[in-house]
Amino acid sequence: MAEAATKILEESLGKLVLLRLRGNRSLRGRLQGFDMHMNLVLEEADDISNPENIKQLGTIIVRGDNVVIISPSPR
Amino acid sequence: MAEAATKILEESLGKLVLLRLRGNRSLRGRLQGFDMHMNLVLEEADDISNPENIKQLGTIIVRGDNVVIISPSPR
Amino acid sequence: MAEAATKILEESLGKLVLLRLRGNRSLRGRLQGFDMHMNLVLEEADDISNPENIKQLGTIIVRGDNVVIISPSPR
Amino acid sequence: MAEAATKILEESLGKLVLLRLRGNRSLRGRLQGFDMHMNLVLEEADDISNPENIKQLGTIIVRGDNVVIISPSPR
Amino acid sequence: MAEAATKILEESLGKLVLLRLRGNRSLRGRLQGFDMHMNLVLEEADDISNPENIKQLGTIIVRGDNVVIISPSPR
Amino acid sequence: MAEAATKILEESLGKLVLLRLRGNRSLRGRLQGFDMHMNLVLEEADDISNPENIKQLGTIIVRGDNVVIISPSPR
Amino acid sequence: MAEAATKILEESLGKLVLLRLRGNRSLRGRLQGFDMHMNLVLEEADDISNPENIKQLGTIIVRGDNVVIISPSPR
């Protein structure tokens, strides 16, 4: 993984991140862990694909090959 | 796999997990095993893709590359 | 492959298993062999995708990357 | 490849096999060779996807990652 | 690649081959080279996907993972 | 990665790049990092898929296997 | 990559090539670099998918796994 990507993910541990997955699914949650394949662990995750119907997911593991974009929360 | 992911899966052994697969399929079952590719074994699994028509699947093996999200049961 | 998955497949040798493949195809047959990629050999296999038009396939080899779920027959 | 799969393919050399490929294409032909990726060589192959319009293909090489199911001819 | 496949491709060097690619594209051309991933070089290639509108492509490189079937010209 | 590609990406560090992703998504942002898989880090990124509704994304990590084209800003 | 493919690409350096990508996108540009995964660098590239609306892209990096066909310019 790009060194710059690892740095961003490490700095985002314990903070909110936004994920855009394949198939137009969007998730938001607190980053608890990650690996080089961009497998991610989020806490207090929400499925925000439909802003009018946000679904609470709790703690989740996201398989990296579904990830398109990871946005760390603004600092 | 992210260390945090392995930890969550190990803690979830014998407990209910929720899976979201590609193609909008959702499964629920008791986690019996997993590997680093996120291949999973579930017991007493249900296909809950259609909440109005839940299908009992019994024990199943799920091939990891279909997995999008794994949610452990709330603790 | 997860140790739990290998154990289930070994115990299922010679017994009926149900496969769900990508593209909504479902197969049923007697498990004759498998490998770590979930390539499978089934005997007396049926294509049960359409329950009203079950097709006999005889002995088949299924390429693992099409597999979504393997259900062993209830014990 | 599963040992049982290799055995079936070896026993099928020179005999008719039926292939189901991704995208609902079906082929039939005499198996002349195969490898561990399920790349296959068929002789006197026919495209039987549309039973009312069978197309003769002659000798063909099929790239393994398109293969879903291989059925050897009944013995 | 299956030994039988390599043999067919070697014998087809300098001769016409027919390719069927994913997405229902068909090509025809003189085989100039190939590798183990089924990357191919064709000379005097035509896109024959639409028989009523054949397009001349000249020399082309085809990336192997788009290949479904290779048919050598009848001998 | 092609040496010419690495050179372009290194020269683009800190400058605007345009990305075209699978699924007709287009992004624009300042390149902060990259790796050999074309995983990218962009700062001040915008989703410009719909030119009439540009969305600010801030800093993002883009998973390389979604990338189709990278255009560095004109020099 | 097939030796014949490498030779063609080397001979095409600095010359126009035509690319057909997955999803019916066509590009044209001057080949500046390539690697064994068919990642390509083009200069003065145009998106010619719609011949009535050619878009200038300037210098671009194309990720190899989107490539279907590369046509060097006629010699």
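Everything below is about the structure printed above this text.
Reading guide: rules and limits
- Residues numbered from 1 in each chain as written.
- Chains lettered and ligands numbered in written order.
- Predicted model: local features only at pLDDT ≥ 70, side-chain atom pairs only at ≥ 80, totals over all residues.
- Heavy atoms only, no water.
- Helix = DSSP H or I, 4+ residues; strand = E, 2+ residues; numbered from the N terminus.
- Buried < 20%, exposed > 50% of the residue type's maximum accessible area, 1.4 Å probe, protein only.
- Contact = heavy atoms within 4.5 Å.
- Buried area = accessible area lost by both parts, 1.4 Å probe.
- Salt bridge = Lys/Arg side-chain N within 4 Å of Asp/Glu carboxyl O.
- Nonpolar A, V, L, I, M, F, W, Y, C, P; charged D, E, K, R; others polar.
- Pairing = 2+ DSSP bridges.
- Polar contact = N/O pair within 3.5 Å; in protein donor to acceptor, adjacent residues only side chain to side chain.
- Arc of directions from axis to C-beta.
- Least-squares fit on C-alpha atoms with pLDDT ≥ 70 in both.

Caption draft 1: Here's a closer look at unusual backbone geometry. Notably, N24 of chain D is not glycine yet its phi reads approximately 60 degrees, a positive angle. Its location among the elements puts N24 of chain D in the loop between β1 (16-21) and β2 (25-34). Positive phi, close to 50 degrees, is recorded for E44 of chain F, a residue that is not glycine. Structurally, E44 of chain F is set in strand β3 (residues 40-47). Classification of E44 of chain F by relative accessible area gives exposed; the value is 54%.

Caption draft 2: Layout of the interface of chain E and chain G. Contact with chain E, which involves 17 residues of that partner, is made by 20 residues of chain G. Looking only at chain E, the three residues that lose the most surface to chain G are R25, I61 and R63 of chain E, adding up to 42% of its buried area. Inspection of the chain E/chain G interface yields one salt bridge. Measuring nitrogen to oxygen at the nearest pair gives 3.6 Å for the salt bridge that ties D65 of chain E to R22 of chain G. Broken down by secondary-structure element, the contributors of at least two residues to the side of chain E that touches chain G are β2 (25-34) and β4 (55-62) of chain E. A class-by-class count of the residues in the side of chain E that touches chain G yields eight nonpolar, five polar and four charged. Where β4 of chain E meets strand β5 (residues 67-72) of chain G, two bridges bridge the pair, whose relative direction is antiparallel. Directly across from I61 of chain E, in β5 of chain G, lies its bridge partner I70 of chain G.

Caption draft 3: Region of the structure containing the interface of chain B and chain C. Counting residues at the interface gives 17 residues for chain B, matched by 20 residues for chain C. Interface area for chain B against chain C, summed over the two sides, is near 1600 Å², with a carbon-plus-sulfur share of 58%. Run the count over chain B and chain C and you get one salt bridge. Applying the counting rule to chain B against chain C returns six residue pairs in polar contact (both at pLDDT 80 or more). For the side of chain B that touches chain C, the secondary-structure elements that each account for two or more residues are β2 (25-34) and β4 (55-62) of chain B. Looking at the side of chain B that touches chain C residue by residue, the class counts come to eight nonpolar, five polar and four charged.

Caption draft 4: Quick look at the pattern of salt bridges. All names here are of chain E. Applying the stated criterion across every chain, the model contains 42 salt bridges over all chains. Between R25 and D47 there is a salt bridge whose closest N-O contact spans 3.5 Å. Of this pair, R25 sits in strand β2 while D47 sits in strand β3 (residues 40-47), and the two are 22 residues apart along the sequence. Using a relative accessible area of 7% as the deciding quantity, one classes D47 as buried.

Caption draft 5: Expanded view of helix α1 (residues 3-12) of chain A. Of all the positions in α1 of chain A, only A4, A5, I8, L9 and S12 of chain A are classed as buried. Viewed along the axis of α1 of chain A, the buried residues span an arc of 135 degrees, placing them on a single side of the element. What points out from α1 of chain A, more than 90 degrees from its buried face, is the exposed set E3 and K7 of chain A. On its buried face, α1 of chain A sits against β1 (16-21), β2 (25-34) and β5 (67-72) of chain A together with β2 (25-34), β3 and β4 (55-62) of chain F.

Caption draft 6: Region of the structure containing the arrangement of the chains. With no contact formed, the shortest span from any C-alpha in chain D to any C-alpha in chain F equals 19 Å. Contact between chain C and chain G is absent, and the minimum C-alpha spacing across the pair is 19 Å.

Caption draft 7: View of the relation of the copies chain B and chain C. Rotating chain B by 51 degrees about the axis while translating it 0.0 Å along that axis superimposes it on chain C, leaving an RMSD of 0.0 Å. A distinct binding surface is used by each copy, with only 6% of the interface residues of chain B retained as interface residues in chain C.

Caption draft 8: Summary view of the environment of V67 of chain D. Mapped onto the elements, V67 of chain D comes out in strand β5 (residues 67-72). Once the C-alpha coordinates of V67 of chain D and L40 of chain D are considered, the two residues, 27 residues apart in sequence, prove to be 9.3 Å apart. Once you skip the residues sitting within four places of it in the chain, V67 of chain D turns out to touch R63 and N66 of chain C together with R20, L21, M38, L40 and V62 of chain D.

Functional significance is not addressed by these values, which are geometric in nature.
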